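The chain contents come next:
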Amino acid sequence: MTTSDRPRPENVVVTGANGWLGQNLVRALVGERERVRCLVRDRHEATLLSVLGSTIQPVVGDVRDPSALDALFEGVGAASVFH
């Protein structure tokens, strides 16, 4: 089985979703995937991403905090991860 033969996971996890690249990646994924879970640094950034669509699920935290990462991946299942 090659990479192109594998089904694409419907869930996506994006760290750094509040940065320039992350924001544009999230915008591109809206409507393409069932769920886009995003790690952002504060609630204001979470609110800004939430308005992009109902599939966006922001999680506030720091990538260096294990409990934030636990929250980010909780219940996600199979996913593509953009870090």
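Please refer to the structure placed before this passage.
Residues numbered from 1 in each chain as written. Predicted model: local features only at pLDDT ≥ 70, side-chain atom pairs only at ≥ 80, totals over all residues. Heavy atoms only, no water.

S.K.: Looking at this structure, how should I read the overall build of the chain?
M.R.: Within the chain one finds three helices and four strands. Ordering the α and β elements of the chain from the N terminus gives β-α-β-α-β-α-β. Its C-alpha atoms give the chain a radius of gyration of 13 Å, within 12% of the compact-globule value 12 Å for 83 residues. Along the three orthogonal principal directions, the C-alpha set of the chain runs to about 40 × 25 × 20 Å. When burial is assessed residue by residue, the chain has 34% of its 83 residues classed as buried. Considering only intrachain contacts with a sequence separation of at least 6, the fraction spanning at least 24 residues in the chain is 46%. Counting every atom, the chain has about 5,300 Å² of accessible surface; 54% of that belongs to carbon and sulfur. Within the chain, one finds 9 positive and 10 negative side-chain charges whose respective centroids are separated by 3 Å. (Helix = DSSP H or I, 4+ residues; strand = E, 2+ residues; numbered from the N terminus. Rg over C-alpha atoms; globule rule 2.2 N^0.38 Å. Buried < 20%, exposed > 50% of the residue type's maximum accessible area, 1.4 Å probe, protein only. Contact = heavy atoms within 4.5 Å. Areas by Shrake-Rupley, 256 points an atom, 1.4 Å probe, with all protein chains shown as cover. Lys, Arg positive; Asp, Glu negative; His and termini not counted. Charge placed at Lys NZ, Arg CZ, Asp CG, Glu CD.)

S.K.: What is the right way to look at the side chain of Ser80 in this model?
M.R.: Here Ser80 is to be found in strand E4 (residues 79–82). Among residues more than four places away in sequence, those in contact with Ser80 are Pro9, Asn11, Val12, Val13 and Arg33.

S.K.: Is there a simple way to explain the pairing of strand E2 (residues 35–40) in this structure?
M.R.: It is a general feature of regular strands that their side chains alternate between the two faces of the sheet. Extensive coverage of E2 is indicated by the burial of six of its six residues. Both faces of E2 are covered, namely the face carrying Arg35, Arg37 and Leu39 and the face carrying Val36, Cys38 and Val40. Looking at chain direction, strand E1 (residues 11–14) and E2 are connected through four bridges and run parallel. Looking at the pairing, Val14 lines up with Cys38 of E2. On the question of chirality, the crossover connecting E1 to the parallel E2 by way of helix H1 (residues 20–29) is right-handed. (Pairing = 2+ DSSP bridges. Right-handed = clockwise from strand over helix to strand, strands pointing away.)

Read these as geometric descriptors, not functional statements.
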